[in-house]
Structures are given as C-alpha cells and as structure tokens.
Amino acid sequence: MDTVTNVSARGEIAIELRGITKAFGSVIANNNIDLIIRRGEILALLGENGSGKTTLMNMLSGIYHPDSGRIYVNGNEVFIRSPQDATRLGIGMIHQHFKLVDVLTAADNIILGAGKGFLLRRNRFEEARKVAERYGMYIDPEKKIYEMSVSEKQTVEILKVLYRGANILILDEPTAVLTPQETQRLFEILRRMRDDGCAIVIITHKLNEVLEISDRVTILRRGESVATVKTSETNAAKLTEYMVGRPVTLKIERPDTKPTERLLNVYHLTVEDEDGVTRLDDVSFSLRGGEILGVAGVAGSGQKELCETIAGLHPIKKGAILYKKENIEGKTPREIIKLGISMSFIPEDRLGMGLAASLDIADNMMLKSYRDPKSPFTPRKAAEEMAKEVIKKLDIVTSGINQPVRMLSGGNVQKVLLGREIHVNPSVLITAYPVRGLDIGSSYVIYDALNEQKKRGVGVLYIGEDLDVMLELCDRIMVLCHGKVTGILNARTATKEQIGLLMAGATTNERYGEEVVPNE
Amino acid sequence: MNTIVNFLFAAIKAGTPLLFGTTGEIITEKAGNLNLGVEGLMYMGAFVGFLVGFYTESLLLSLLAAFGAGVLGSLIYAFLTVTLKANQNVTGLTLTIFGTGFANFFGEMLIAATKGGAPKLSAKFSAKLAEIQIPLLSDIPYLGRALFSHNILVYLAIIIAILSWAYIKFTRAGLYLRATGENPAAADASGLNVTLIKYVNILLGGGICGIGGAYISLLNGNGVWNNGCVNGQGWIAVALVIFASWSPAKAILGSLVFGAFTIFQVRAGDFAAEFPALSFLSSIPNAIYVMLPFLVTAVVLIITSITRKREGAQPASCGVNYYREER
Ligand SMILES: Nc1ncnc2c1ncn2[C@@H]1O[C@H](COP(=O)(O)OP(=O)(O)O)[C@@H](O)[C@H]1O
Ligand SMILES: [Mg+2]
C-alpha cells in the first residue's frame, strides 16, 4: 500500500498505448489511438460525448479488451484481461457511474476483493478510516453507500482504489456530479497525489477544468486521438477546435425574427404540489411564435411545475393557460400534444424520463408520434424513416436505428429525445435543461436546432441553468423565484447581475414584451 | 396440550425439507441467480439419495450422493446461466421439469427392478434415521418432545442454516457473495472473480437442496420409494426465501411456519376434536390449507415492499445475468 510514496521518478512513462482499436458492433469507439501517461503528471483526456474516452480507459482497467494494439506499463508490454490484472499493475479507475455495492458499508466496499483473512473483523472500519486520513479525506466507514451523497460515494471510490495501492489513477468525469466547492476539494487531492508521484488521468469535457488542473491534454474526436498539447501552451478556443474539428466561435447565434401571435397565454397561474405547498404563485406571461423565452431561477423555483402544468401533467389550482384561444385546463397530456405543444424535459439521469432505455431509436420515435390506434400494428417503417432523419439532422453517433438507446452515450440520448420532439412539428416547444451535461459541440447542435425552430415560427420555452448561455440564446428571460415571476427582461440588454438579483428575490415591474400590441 | 406438542413436532418435521431447500436457494439468490429449479434439484436428491441408501445402507453415502445430485443438477443451471448467459427463469423451470422427469424415469426403473414393486429401505438403514432423544433437553416437559427428540437430519438442517447465515454475514467469502449478487459490476471492478463466486455458491446451494430431497424420500414415505414424493415442496421453498427475507436464520422460523401450514390440513381434525371451539377447522376445504403458505408469502411480499428496507430485500441483481462489456 505504500507504493504511492516509492514510485519511480517523475516524468517517467507509466503507461503507453500504441495503436489501440476497439469496436462495438459497427461503431468504432477507438481507432488506432496512441497515448502516453507520465508519472507526476495530470493528463486530461478531453473529447465530446461519445468520442471514446471511457472506452479507451476501460481497456486499462480491464473492463474491455482492445481489438488490436499494444499496452505497455512501466516499459513492459502487458495484457490486461480483467480488473484484477489492472489492480496488480497499480492501475485504478474511478468510473463515471460508481461501481459500489449500495447495501454495504463504506469500509466493506473499500476492502472488497483486497482484504485478507477468513472472517470479517471489526478493525476493518478503523483500517478504512486510516486510509482516508492518510490522504487527507474523511469518511464514515460504517455508513451504507445508499445513505451517502454523491461526493461521499466518490470519496469511497477513490479510497477503494488507493487501498489497493494504485499509483496510476484514472477518473472518468469525476466533477460532473460535484458542486464547485467539492470539485475544488477533489482537485486538491489530485494535486497532492500528483506531487507524490502518481500518474493521473482525468476524463472530462469541461474546458475550464482542463485548463485548471491538467499538465497535458490529449484530445479525442470520434474515436481518434487528434492532438496532445501542453496545457500551458493552449487555450479554450484551440482545445474546442480540436474537440469539434472546426473552428467554433464560442458565441451562440441569435437570429432576429419577428415574433408572431401569442401562442401560449398564462394567466395568474397558481399550482400546488401534493403536500399543498404553493409551487407557482400567480404566474402570468405569454409566449409568442418565433421567440425563445428563457426561464431562469435557482433550482426548484417552480420550473418543473411550470413545464408539467403546461404539458397537462399537473393540476391547476387557480388561473388559466390558453393555447391560442383554447383553455387547456382539463385536457389530457395526449390532447395537449395533439394541439401542438411538445415538451422535452431532461432530468438529471437522462434516461429517467421520456425514453425507454432498452428499445432502439426507431421504437423510441414511435412512442410519441404514432399513438393513434388506427391499426393494431405499429408503423415501424415510418418510425425508421423518422429515426434516420433525426440521426442525420442532430448528428447522433450510433451504430444505427436498431441500437438500444441505453447503449448511446449521454449526449446522444439527449439528442434523440429532443429530435423526437422537434420532429412532430410542434408549434410550442418546451425544453428543460436540454444541454445538461453536454459537451460544447453537442450543445451547439442543440442551440442550432432550437434556433431553427424559432425561425420556423415555433414558440420555444427554454428552461435553463447557464445564465451566460441564456443571455446569448434567448430573446426574453423570465425570472422565477419561489414560484413567483420577479421580472421579464429583454435578453439583448439584460445583464447577469440583474438576473442574479431577480433570482435571489428582488423584483422589478419590467415585463418586457408583454405589453398589448395594437390590433392583435 | 398433547395435540399442540404433536402438532409442533410434526410441523418441524414437515418444515425440515423446506428448510434445506430454502437455505440452498438463499445462497443461490445471494449470488444473483434466481434458480427456479429447486423442485427439480430436490427430486434428483430424493432419488439418488434413496438409491444409494437402498443399495449401500449407509446414511453418510446416501446424503453425500444426494448432495452430489444437487450439485450436478445446479451445475447444468450454472453452466447455462453463468457461462452461456441463458435466461435464468427459463433455465430454472427447465431444470424443474428435468429433475422431476429424472426421478420419475429412474424411479420407475427401480420399481420395476424390485421384487414386489415397492423398493423399501432396509430396517437397518431406517434405524439410523430414528428419532434421537437428546439427553436432558428431551426431558423438558412438552418442549423436550417438540424440539429435542427429532431425527438427525432435522438437526443437520438447522446446523446448515445457521452455518449459512454466519457464512453470509461474517466471513469474507460471504461478503464477496453478497457483493456479487447485489452488483456484479462493482464486484468485478473490485477484482473479484464473479464467475467463480457464482459457480461455487450455486453448486453449494444446489447440493443443500439435494439433501432436502433426500429427507423427503428417506423419511416421509415410510422408507418406500414414491415417484411423486417431492410434490411441490421445492416451490414452497422458493416462496419461503421471500418470507425469510433472504436470511437463512429467519428461514428456520419460516420453515416451521410453512411446515405447520402444510400439515394443518391433516391435523385440523385433531384440533377440532380437542378444542370444540375450533371445530370449524375441519370443515374448511383442504384447498384453503394448501393455499395458505402462498397466501402468507404474498402478504409478506406486500409488507416488505411497503417497508422497503434495503437489507431485507432481494439481492439487487438477482435474476439478471452479468456481462462485463455491457453497459
Ligand atoms: N458497451 C458498449 N456497447 C456498445 N456500444 C458502446 C459501448 N460502450 C461504448 N459504446 C459506444 O462507443 C462510443 C464511445 O463511447 P464512450 O467511450 O462511452 O464515449 P465517451 O466516454 O467519450 O463519452 C459511443 O458511440 C458509444 O455508443
Ligand atoms: Mg464517458
């Protein structure tokens, strides 16, 4: 276990990959990749979703086996056939989706497969606590995993790997689930381990993190390694270009359109949740065709209830929602969809809502648009056509329309969801967190798709998290705080500070774009 | 009072084969494999145990043979589900059909080969399965008769259940077993040999089920072989696993309760005779008694799913085969 401290000199090559290729069916996840990992260094593996980062690292952790190519550890060629082999070579991986046994304690997870002795002894808890202390971390070794927060689980994962004496550490998107403070704490730990002489690989698609923590960056694109650069000699724009494959203006387009009629009118809407707590309080606004209306607010300010109420999934306490001139209260979700109102809500676990994970892309298309029971058989042909179009339009990386959705990488799952909503030609599109967890390239594909809808005259309600993005993309921004509208601003002139204040509860009388236009 | 003591005594006896089956199935399910072939495994154990006892007159060999038959039967199951990743439900059901047919086919041959057509264990052999009065303990009034004067296999079942409970809870191998059944991907990433752990425990569980079968054929038919002897007890054992919430220790109590249900139909008359207030018992149709164990299991299932305690639930990956490369 003390291998961490007596590893060989810094800068020495810990792992070298030569010509690694791996395919899943017809998807080539890794194509002839070369990679060098050094001791005493943090290497960032950067790439869009689906570019093959996880797959490549899983070949070092023994989960996958390369179809061809060679792996050298400390200069010797090795064949990593199982996670045990990886452990023996000092390689430890912290997976994006934690591999922990929920019903066991932290200590039992840490010693799993690594401890000795016939009986489980109580001192294993003490032992686990000591390992944590040695690396400046804290855990409660007797706590069950299912009672832990994400950040605690991650600590257990890291300790588990360190307990096995790993000195080559791979972390797959470790910050995706952490708050900024937790991220900083993790980075502290990683820096300390690097200074101890460990080799560290951090997989990410967040540019600012790459620039902050790494010493070198290797960029993957569509399964190929396109460049390796020193972090100190690069910048966000260059990295993005490598990642996406073309120069990307990190500026979001906002086409000027002429807003048309009011498609959705919400009057004094009040809704309560099951416990009788008011979630939306006297909310009034309208949404016109040809505009993107952003909805900002701290999480839990009523965004979810707003979406659900418009989609007919949540009862109205007071007030009304009119679609054109028609009251939608009392209509079933299906009738509302038929009116032309579409909703795509991306929950934190993307598969949680809206898609059936083991069905393929074509079947998932069918779930929404072909529900009219004219025939007992499902019109598979039409769905296949539709799936093909969506794949092409949104640039979805997949082995084909028959691939189950759960096999897709996260960003591509999101594209399928949005693509399906757009494809039914809605006149109102509600989209909540459509770029959650997405890399830049995929985010821009989604922004473009939304802008295209706007140009077609669709009214887009965009519920978002990132104020910078909303200020660039939206036409107007409505701010919610504790279920109340605290202001509706012109996104072309508003500032982040202004919105921040409204999010925190300040109010303004400004209701930009809501005034009655003559002869409407 | 005697009626109650006799009832308890008989309930424990009736619960013993269930306890073997349940303990075996718990170990199997803890490894993440739902084996619906318990009935078949018990049939195989019943026949092979009987055959060896019949010819060798050795109880030890008979039990070892029954254990071996269970191991072999579950080896088929393990090979199909763990190595070839076949559907667990289908494979288990097939194993039940296979085991039942196996016992019927060879049982019929044994009957044909025996003079008089009724293969019967020798008196010498059956004496080994006589009830043992445990010194001192069996002298306790009432309880002594009900609890401490059973045949040796009853105690064996309880010892195996307690050992299994300790194995799962307190040993390192038991920790690995639990991890494998809960989350094989995590176990694998931790460096455990998931395939080996599954094989070892499925075979161990299968062997224990086999002994349960032998109990039935050696004791329940007065030493005479009967082709249909197991008669659904394997299925009750599968239900009992849920009742025992995957704990072999709770299975001891559970098997007593279920054993009581299975003999209630026979004993209802006694109760009615002794306690006039209970005379309605003998007028309840037999089918109700047969249904009781399953009804209780359903109720337990509902209660456990309402309370939703993570520890007493089915292992999270039970029924799902593990492929390393699948996401
Ligand atoms: N187990 C698998 N089965 C089938 N396809 C897979 C599997 N793992 C990854 N893929 C495919 O390989 C590609 C690369 O995926 P991945 O390595 O997860 O990307 P990243 O981690 O960079 O987001 C994707 O197109 C994905 O759909
Ligand atoms: Mg990944």
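Rules of the game
Residues numbered from 1 in each chain as written. Chains lettered and ligands numbered in written order. Predicted model: local features only at pLDDT ≥ 70, side-chain atom pairs only at ≥ 80, totals over all residues. Heavy atoms only, no water. Helix = DSSP H or I, 4+ residues; strand = E, 2+ residues; numbered from the N terminus. Polar contact = N/O pair within 3.5 Å; in protein donor to acceptor, adjacent residues only side chain to side chain. Contact = heavy atoms within 4.5 Å. Buried area = accessible area lost by both parts, 1.4 Å probe. Salt bridge = Lys/Arg side-chain N within 4 Å of Asp/Glu carboxyl O. Nonpolar A, V, L, I, M, F, W, Y, C, P; charged D, E, K, R; others polar. Axes fitted to C-alpha atoms, helices over the stretch in contact; angles between N-to-C directions. Parallel < 35°, antiparallel > 145°, perpendicular 65-115°, else oblique. Disulfide = S-S within 2.5 Å. Buried < 20%, exposed > 50% of the residue type's maximum accessible area, 1.4 Å probe, protein only. Pairing = 2+ DSSP bridges. Domains from an automatic or database assignment. Left-handed = near helix turned anticlockwise from the far one by under 90°. Core = buried A, V, L, I, M, F, W, Y, C linked by side-chain atoms within 4.5 Å. Arc of directions from axis to C-beta.

Trainee: For the side chain of A:S214, give the residues involved together with the corresponding values.
Mentor: Residue and element names in this part refer to chain A. Note that S214 resides in the loop between α7 (207-213) and β9 (216-221). Here V210 takes part through its backbone oxygen, which lies 2.7 Å from a polar atom of the side chain of S214. A polar atom in the side chain of S214 sits 2.8 Å from the side chain of T231. Each residue touching S214, except ones within four places of it in the same chain, is listed here: I42, A44, E209 and T231.

Trainee: Can you lay out the interface of chain A and chain B for me, pointing to particular residues and giving the numbers?
Mentor: Taken together, the contact pairs 36 residues of chain A with 25 residues of chain B. Among the residues chain A hides against chain B, the three largest losses belong to A:V103, A:L112 and A:L120. Together they make up 20% of the total. Across the chain A-chain B interface, the total number found is zero salt bridges. Residue assignment for the side of chain A that touches chain B shows that the elements contributing at least two residues are β1 (13-24), α2 (83-88) and α3 (106-111) of chain A. Residue composition of the side of chain A that touches chain B, by class: 17 nonpolar, nine polar and 10 charged.

Trainee: Give a detailed account of the packing of helix α1 (residues 2-30) of chain B against helix α10 (residues 194-220) of chain B, specifying residues and quantitative values.
Mentor: Residues and elements named next belong to chain B. Taken N-terminus to C-terminus, the directions of α1 and α10 make an angle of 170 degrees; their axes are 7 Å apart at the nearest point. Taken together, the axes of α1 and α10 lie roughly antiparallel to each other. Together, K13, T16, P17, F20, G21, T23, G24, E25, I27 and T28 of α1 and N201, I202, L204, G205, G206, I208, C209, I211, G212, Y215 and I216 of α10 make up the contact between the two elements.

Trainee: Describe the state of the cysteines, with residues and values.
Mentor: By definition, a disulfide links two cysteine residues through a covalent bond between their sulfur atoms. This structure, assessed with the given rule, holds zero disulfides over all chains. A:C481 forms no disulfide, and the closest cysteine sulfur to it belongs to A:C307, at a distance of 18 Å. We note that B:C229 lacks a disulfide partner, and the nearest cysteine sulfur, in B:C209, lies 15 Å from it. According to the relative accessible area criterion, B:C229 is buried, its value standing at 15%.

Trainee: So, the sheet that holds strand β11 (residues 262-272) of chain A: which residues are in play, and what are the values?
Mentor: All names here are of chain A. Spatially, the four strands line up as an open sheet ordered β12-β11-β14-β15, and their pairing is antiparallel. At either end of the open sheet lies a strand with only one pairing partner, and these are β12 (278-288) and β15 (326-327). As paired elements, β11 and β12 share seven bridges and run antiparallel to each other. The residue of β12 that forms the bridge with L264 is L287.

Trainee: With reference to specific residues and values, describe the domain arrangement of chain A.
Mentor: All names here are of chain A. Under the domain assignment used here, chain A contains domain 1 (13-244) and domain 2 (262-340 + 426-503). Taken over C-alpha atoms, the centre of domain 1 sits 38 Å from the centre of domain 2. Across the boundary between the two partners, domain 1 contributes seven residues, which contact six residues of domain 2. Summing both sides of the interface, domain 1 and domain 2 together bury roughly 470 Å²; the carbon and sulfur share of this comes to 58%. Of all residues in domain 1, the largest losses of buried area upon contact with domain 2 belong to E48, N49 and H205, amounting jointly to 66% of the total for that side. Between domain 1 and domain 2 we count zero salt bridges in total. Applying the counting criterion to the domain 1 and domain 2 interface returns zero residue pairs in polar contact (both at pLDDT 80 or more). In terms of residue count, the dominant contributor to the side of domain 1 that touches domain 2 is helix α8 (residues 236-244) (three residues).

Trainee: Could you give me a rundown of the pattern of salt bridges, with the residues and numbers involved?
Mentor: Residue and element names in this part refer to chain A. A complete count under the given rule lists 27 salt bridges over all chains for this structure. The partner of R191 in a salt bridge is E212, and the shortest N-O contact between them spans 3.7 Å. One end of the pair, R191, is in helix α6 (residues 180-195); the other, E212, is in helix α7, and 21 residues separate them in sequence. For E212, a relative accessible area of 38% corresponds to the partly exposed category.

Trainee: Report on the packing of α1(B) against helix α11 (residues 233-243) of chain B, specifying residues and quantitative values.
Mentor: Residue and element names in this part refer to chain B. In the contact formed by α1 and α11, the axes pass within 8 Å of each other and the chain directions differ by 55 degrees. When the interaxial angle is binned, α1 and α11 end up oblique. Read as a crossing pair, α1 and α11 show a hand that is right-handed. Across the interface between the two elements, A14, P17, L18, G21, T22, E25, I26 and E29 from α1 touch Q233, I236, A237, L240 and V241 from α11. Of the residues in the contact of α1 with α11, the class split is eight nonpolar, three polar and two charged.

Trainee: Can you explain the environment of A:M470? Please cite residues and give values.
Mentor: Residue and element names in this part refer to chain A. Note that M470 resides in helix α15 (residues 467-473). M470 gets classed as buried once you look at its relative accessible area, which sits at 1%. Along the primary structure M470 and I252 are separated by 218 residues, whereas in three dimensions their C-alpha atoms are 9.5 Å apart. Not counting residues within four places of it along the chain, the set of residues in contact with M470 comprises G294, V295, A296, Y462, G464, E465, I477 and A491.

Trainee: Hey, could you go over the pairing of strand β14 (residues 318-323) of chain A for me, with residue numbers and the actual values?
Mentor: Residues and elements named next belong to chain A. Across five bridges, β11 lies against β14 in antiparallel orientation. Its bridge partner lying in β14, V266 is registered against I321. Inspection of the sheet shows β14 paired to β15 by two bridges, in the antiparallel sense. Within β15, the position partnered with L322 by the bridge is N327. Turn length for the β14-β15 hairpin, with the two strands adjacent in sequence and antiparallel, is two residues, and the turn residue K324 shows positive phi of about 50 degrees.

Trainee: Tell me about the nonpolar core, and please be specific about residues and values.
Mentor: Residues and elements named next belong to chain A. Of all hydrophobic cores here, the largest spans 108 residues; its most connected members are L169, L190, Y462, I477 and I499. Lining this core are residues from two domains, each supplying at least three of them: domain 1 (13-244) and domain 2 (262-340 + 426-503). Contact partners of I499, with chain neighbours within four places excluded, come to A296, L467, L471, I477, V479 and L489.

Trainee: Tell me about the environment of B:A157, and please be specific about residues and values.
Mentor: Residues and elements named next belong to chain B. Mapped onto the fold, A157 is located in helix α7 (residues 152-170). Each C-alpha atom, one on A157 and one on L19, is 6.5 Å from the other, the two residues being 138 residues apart in sequence. Other than its neighbours up to four places away in sequence, A157 contacts T16, L19 and F20.

Trainee: Describe in detail helix α16 (residues 496-503) of chain A, supporting the description with residues and values.
Mentor: Residue and element names in this part refer to chain A. Within the sequence span of α16, burial applies to I499, L502 and M503. The arc that holds the buried residues of α16, viewed along the axis, is 100 degrees, so those residues lie on one side. Residues of α16 that are exposed and angled more than 90 degrees away from the buried face: E497 and L501. Its buried side turned inward, α16 meets β13 (292-296), α15, β19 (476-481) and β20 (484-490). In the stretch just after α16, G505 is the one whose phi turns positive, near 120 degrees.

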